[in-house]
Amino acid sequence: MLAIGSDHGGFELKTHVIRHLKEKGIEVRDFGCYDEASVDYPDIAEQVGNAVVSGACDRGILICGTGIGISIAANKIKGIRAAVCGDVYSAKMTKMHNDANILCLGGRVIGRELAFMIVDTWLETEYMGGRHAARLEKIKALELK
Ligand code: RB5
């Protein structure tokens, strides 16, 4: 199950990404927002982040205007590794090296076709482990300081 959420700045792109994911047969749980009324992105980041760390959902996508605010908020949750991606290379590398469990997109930055390519790349790429595992352990240690 994939958790997805956005603020008003990401609402439109979120509707397209949900449709795209459903067409691919991926189960999606939508944590809002549900229209273009203004909401605070940390509230949505919290819900999606908690769904991922609790195991209720195995990964998440968060969208705000830039992807930045919502990623900053999500990364405050222990166990979340949220990455803003505006290109396919970053989407691939953040799964391979960082095992990003939340992908963040900027609804006012990228077009829908690029968003679909980024989402597909992130979903299809495998985490490499190996030398990167020790770095993720160091990130985990930072959360405890
Ligand atoms: C909302 O206006 C906007 O600030 C938000 O969507 C996001 O871009 C913040 O980083």
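Our subject is the structure listed above.
Below: a short report on this structure. Note that the coordinates shown come from a computational prediction; the quantities given were computed from them, not determined experimentally.

Before going further, it helps to examine the environment of Ala133. Positionally, Ala133 belongs in helix 6 (residues 131-144). The exposure class assigned to Ala133 is partly exposed, which follows from its relative accessible area of 32%. As for Ala133 and Thr66, which are separated by 67 residues in sequence, their C-alpha atoms are 29 Å apart.

Turning our eyes to something else, we now look at the site of the ligand. With respect to spatial proximity, the complete set of residues near the ligand consists of Asp7, His8, Tyr41, Cys64, Gly65, Thr66, Gly69 and Arg108. Between an oxygen atom of the ligand and a main-chain N or O atom of Thr66, the distance comes to 3.0 Å. Contact with the protein chains removes 69% of the 290 Å² of surface that the ligand exposes when unbound.

Let us look at the nonpolar core. In terms of nonpolar packing, the biggest core is built from 23 residues, with Val17, Leu21, Ile61 and Leu105 touching the most fellow members. The greatest single-element share of this core, amounting to six residues, is contributed by helix 5 (residues 112-124). When neighbours within four sequence positions are excluded, Ile61 is seen to be in contact with Leu2, Ala3, Ile4, Gly5, Val17, Leu21, Val48, Leu103, Leu105, Val119 and Trp122. Within the second largest apolar cluster, 18 residues are counted, among which are Ala3, Phe31, Ile80 and Ile102.

Calculation criteria
- Residues numbered from 1 in each chain as written.
- Predicted model: local features only at pLDDT ≥ 70, side-chain atom pairs only at ≥ 80, totals over all residues.
- Heavy atoms only, no water.
- Helix = DSSP H or I, 4+ residues; strand = E, 2+ residues; numbered from the N terminus.
- Buried < 20%, exposed > 50% of the residue type's maximum accessible area, 1.4 Å probe, protein only.
- Near = heavy atom within 4 Å.
- Polar contact = N/O pair within 3.5 Å; in protein donor to acceptor, adjacent residues only side chain to side chain.
- Areas by Shrake-Rupley, 256 points an atom, 1.4 Å probe, with all protein chains shown as cover.
- Core = buried A, V, L, I, M, F, W, Y, C linked by side-chain atoms within 4.5 Å.
- Contact = heavy atoms within 4.5 Å.

So yeah, pure geometry; function would need other evidence.
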